[in-house]
Amino acid sequence: MGTLGRGPRTPGRAAVQRAVPPVVGGKTSSRTNILPGQLTFTDYGLLKTKEIPKEELRPSPERLPRAENREDAAGQLATALRLEGDKARQVETPVGPVMLQRDLVKHMVQKEEAMRERYAAFVLPALEHPDEVWLTAYADGYRKRYVAFFREENMLLIVRVNRDGSLFWNGIKMRDSEIDKNRTGILLYQNPKTKAGR
């Protein structure tokens, strides 16, 4: 039995059609909602996050210290992402490349209370070696959601391809139950090492 699943299961045609809601697109409010009625991890026969044996998961990266201000937080994150100056950096993922841009880093750490810079070391592993990648439908389009499971912490990374081809991305550290709520849409990728057990 695989670490993340109870056995191979592929949703039928009706289930896949349900995973792609027909109402994607159009103008939305400042907060873009996930569309209801999509497939979830249970449709694929995957375990709940809390059911995954933690000892079989990779060690968590080191949490970094809290930055004194948002400028330092952006610098800390840029260093963890190996961004040099204002140059963009292409990261290869199992479902295609993602372009990291320095001007998007400030957005990721703008909420001081979230202290996201402390989890900067989680971002590259979540992109380069995710355990799952989901294509999730939002009211304004689709976004790839990269999920990485660690022994002590879980990381959810959301990458959105905008209509002009640019990328918007955001990373969030979540509790097990919150991760499961975000494992929705079409499962594009599941890590074979995790699937087979370590």
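Keep in mind that this is a model prediction, so the values were computed, not measured.

Engineer: Please set out the packing of aromatic side chains residue by residue, giving values where relevant.
Structural biologist: If you walk through the whole model with that rule in mind, you get three aromatic pairs. When the ring of Tyr 44 is compared with that of Trp 134, the centres are 5.5 Å apart and the planes differ by 80°; the resulting orientation is edge-to-face. One end of the pair, Tyr 44, is in the loop between α1 (13–19) and α2 (70–80); the other, Trp 134, is in strand β3 (residues 132–138), with 90 residues separating them in the sequence. For the residue pair Tyr 44 and Trp 134, the accessibility class agrees, reading buried in each case.

Engineer: Go over the side chain of Thr 184, please, and point to the residues and values.
Structural biologist: Looking at the secondary structure, you find Thr 184 in the loop between α5 (176–181) and β7 (186–190). When its relative accessible area of 12% is taken as the criterion, Thr 184 is described as buried. Other than its neighbours up to four places away in sequence, Thr 184 contacts Ile 34, Leu 39, Thr 40, Trp 134, Leu 135 and Thr 136.

Engineer: Give a detailed account of unusual backbone geometry, specifying residues and quantitative values.
Structural biologist: Leaving glycine out, the prevailing phi sign among residues is negative, and the prevailing peptide bond configuration is trans. With a phi close to 60°, Arg 82 is a non-glycine residue in the positive phi region. Phi angles above zero are rare outside glycine, and Met 115 is one such case at about 50°. Examined against the element boundaries, Met 115 turns out to sit in the loop between α3 (105–108) and α4 (123–128). Residue classification places Met 115 among the partly exposed positions, given a relative accessible area of 24%.

Engineer: I'd love a proper account of the environment of Arg 145, names of residues and values included.
Structural biologist: If you trace the backbone, Arg 145 turns up in strand β4 (residues 141–149). In this structure, the C-alpha to C-alpha distance between Arg 145 and Val 159, residues 14 residues apart in sequence, is 6.1 Å. Beyond its immediate sequence surroundings of up to four residues, Arg 145 is in contact with Ile 34, Glu 132, Val 133, Trp 134, Thr 136, Tyr 138, Leu 156, Leu 157, Ile 158 and Asn 182.

Engineer: Explain the pattern of salt bridges to me, using residue names and the numbers behind them.
Structural biologist: Per the stated rule, a full pass over the model turns up ten salt bridges. Of the charged contacts, one joins Arg 70 and Glu 117 as a salt bridge, the two residues approaching to 3.2 Å between their closest N and O atoms. Here Arg 70, found in helix α2, pairs with Glu 117, found in the loop between α3 and α4; they are 47 residues apart in sequence, far enough to count as distant. Each member of the pair, Arg 70 together with Glu 117, is buried. In this structure, the salt-bridge partner of Arg 183 is Asp 180, at a minimum N-O distance of 2.8 Å. When sorted by exposure, Arg 183 lands in the same class as Asp 180, which is buried. Residues joined by salt bridges that share partners form a network here, namely Arg 63, Glu 153 and Lys 173.

Engineer: Hey, could you go over the nonpolar core for me, with residue numbers and the actual values?
Structural biologist: One finds Leu 81, Leu 100, Val 123, Leu 127, Leu 157 and Trp 169 to be the most contacted residues of the largest nonpolar core, which totals 29 residues. Within the residue set of this core, elements represented by two or more residues are α2, β2 (96–100), α3, α4, β4 and β5 (154–161). For Leu 100, the contacting residues outside a window of four places in its chain are Leu 81, Leu 83, Ala 88, Arg 89, Val 91, Leu 124, Leu 127 and Trp 169. Leu 39, Val 147, Ile 158 and Leu 187 belong to the second-largest nonpolar core, a separate cluster that totals 16 residues.

Engineer: Residue-level account of the side chain of Glu 153, with values.
Structural biologist: Residue placement: Glu 153 occurs in the loop between β4 and β5. Polar side-chain contacts of Glu 153 include one of 3.4 Å to the side chain of Arg 63. The residues contacting Glu 153, other than those within four sequence positions of it, are Ser 60, Arg 63, Tyr 119, Phe 122 and Lys 173.

Engineer: An account of α2 is needed here, citing residue identities and associated values.
Structural biologist: Since the α-helix packs 3.6 residues into each turn, any two residues three or four apart lie on the same face. Taken as a whole, α2 has its buried residues at Arg 70, Ala 73, Ala 74, Gln 76, Leu 77 and Ala 78. In this structure, the buried residues of α2 make contact with α3. The backbone nitrogen of Glu 71 lies 3.2 Å from a side-chain oxygen of the residue at the head of α2, namely Asn 69. Directly after α2, the chain includes Arg 82, whose backbone phi takes a positive value near 60°.

Calculation notes
Residues numbered from 1 in each chain as written. Predicted model: local features only at pLDDT ≥ 70, side-chain atom pairs only at ≥ 80, totals over all residues. Heavy atoms only, no water. Phe/Tyr/Trp six-rings, centres within 6.5 Å; stacked < 30°, edge-to-face > 60°. Helix = DSSP H or I, 4+ residues; strand = E, 2+ residues; numbered from the N terminus. Buried < 20%, exposed > 50% of the residue type's maximum accessible area, 1.4 Å probe, protein only. Contact = heavy atoms within 4.5 Å. Salt bridge = Lys/Arg side-chain N within 4 Å of Asp/Glu carboxyl O. Core = buried A, V, L, I, M, F, W, Y, C linked by side-chain atoms within 4.5 Å. Polar contact = N/O pair within 3.5 Å; in protein donor to acceptor, adjacent residues only side chain to side chain.

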